Amino acid sequence: MAKAKKVLEEAVESNILEIDLVDRNISLFEELPGILDMNHITRLTLSHNKIAAVPPGLANLTNLEILTLSNNIIEELPLSLSSMPKLRILNLSMNRLYNLPRGFGAFPVLEVLDLSYNNLSEKTLPGNFFMMATLRALYLADNDFEYLSSDIKNLKQLQILVLRENDLIELPREIGELTRLRELHIQGNRLTILPPEVGNLDMTSNKSVFKFEGNEWVNPIKKQLELGLSHLAEFLKSEQYRILFNRYSTNKPPVPPPCVDKAKKISRIR
């Protein structure tokens, strides 16, 4: 802890803009005297600690651009976090979040949001979550989503969407409106069919990354995936597939059982 205080003292004396306090056994912000007054800093890293609560006063760091709180034991967040005027990157992965504060989607310039490995679902997201117009990358891997809201279409700047290792049963057709999307990770879910609109996405360029494995696809999709992404992309655009999709939508295939027992997730240990 003495080393952490020394880092803070040096930051004040030398006007250091980036503070790195990784793996310092920090449990409380009170152990970091003066940190909430350092509104000159642009980057704060507090990953791999034991922080359970984030104080509303963290929003006083009005010049902060990058905030990393990954691998802690955070269960709740203050609403004030989403009012930070310059925050571009927020990493809250590997915590114990079951919900997000009302109004959480109000970040004015957020570009990257990592909420991987928490306990979030479509039932616990605030109503404005998909209103972050500047968001370029959204990481929701290893949570508890069964469905994804059609409001995903509002994230017009989104280039990376990571949904692997959830419990997704279906994807909304509106996902095809994300014309800038270059990475889609949906591995390890409970998906059986894809909306035809996924065929609107650029899955085949050398800059694209699309991952579909670990789902219980119906045979027509499974066969196209065996042939390659370009075959799948063309198949999804075909009239043949639209007919098949309508048929499957009317007579839905059985929903596969949950992929894994998530009751033993580290993020659920209290």
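Owing to the predicted nature of the structure, the values given are computational and were not obtained by experimental measurement. (Residues numbered from 1 in each chain as written. Predicted model: local features only at pLDDT ≥ 70, side-chain atom pairs only at ≥ 80, totals over all residues. Heavy atoms only, no water.)

What about the sheet that holds strand S1 (residues 18–20)?
An order of S1-S2-S3-S4-S5-S6-S7-S8-S9 is seen for the 9 strands of this open sheet, with the pairing classed as parallel. In the strand order of this sheet, the two ends are held by S1 and strand S9 (209–211), each with one partner. Pairs of neighbouring strands in the sheet enclose a mean axial angle of 5 degrees, with direction left out of account. Bridge analysis of strand S2 (residues 43–45) against strand S3 (residues 66–68) gives 3 bridges, and the strand direction is parallel. Note on S3: the bridge partner recorded for Thr-45 is Thr-68. (Pairing = 2+ DSSP bridges. Helix = DSSP H or I, 4+ residues; strand = E, 2+ residues; numbered from the N terminus. Axes fitted to C-alpha atoms, helices over the stretch in contact; angles between N-to-C directions.)

Concerning the packing of helix H2 (residues 219–227) against helix H3 (residues 229–237)
Helix-helix packing is described using two parameters, namely the angle between the two axes and the distance between the axes. Taken N-terminus to C-terminus, the directions of H2 and H3 make an angle of 140 degrees; their axes are 5 Å apart at the nearest point. With respect to H3, the axis of H2 lies oblique. Side by side, H2 and H3 meet where Pro-220, Ile-221, Gln-224, Leu-225 and Leu-227 of the first sit next to Leu-229, His-231, Leu-232 and Phe-235 of the second. For the contact of H2 with H3, the per-class residue count stands at 7 nonpolar, 2 polar and no charged. (Parallel < 35°, antiparallel > 145°, perpendicular 65-115°, else oblique. Contact = heavy atoms within 4.5 Å. Nonpolar A, V, L, I, M, F, W, Y, C, P; charged D, E, K, R; others polar.)

Section: the nonpolar core
With 76 residues, the main nonpolar core has Leu-44, Leu-90, Leu-113, Phe-129, Leu-138, Leu-161 and Leu-194 as its most contacted residues. Mapped onto this core, the elements with two or more residues apiece are helix H1 (2–13), H3 and helix H4 (239–250). Residues contacting Leu-44, with those up to four places away along its chain left out, are Ile-19, Ile-35, Leu-58, Leu-61, Leu-64, Ile-66, Leu-67 and Thr-68. Val-112, Ala-137, Ala-141 and Ile-160 belong to the second-largest nonpolar core, a separate cluster that totals 5 residues. (Core = buried A, V, L, I, M, F, W, Y, C linked by side-chain atoms within 4.5 Å. Buried < 20%, exposed > 50% of the residue type's maximum accessible area, 1.4 Å probe, protein only.)

Focus on the packing of aromatic side chains
Applying the stated criterion to the full structure yields 6 aromatic pairs. Judged by centre distance (6.3 Å) and plane angle (65 degrees), the rings of Phe-212 and Trp-217 are edge-to-face. Taking 6.2 Å as the distance between ring centres and 40 degrees as the angle between the ring planes, the aromatic pair formed by Tyr-241 and Phe-245 counts as tilted. One end of the pair is Tyr-241 and the other is Phe-245, both in helix H4 and 4 residues apart, which spans about a single turn. Given a relative accessible area of 0%, Tyr-241 falls into the buried group. An aromatic cluster is defined as three or more aromatic residues linked by ring pairs; in this entry it consists of Phe-210, Phe-212 and Trp-217. (Phe/Tyr/Trp six-rings, centres within 6.5 Å; stacked < 30°, edge-to-face > 60°.)

Take it as geometry only, folks, not as evidence of what the structure does.
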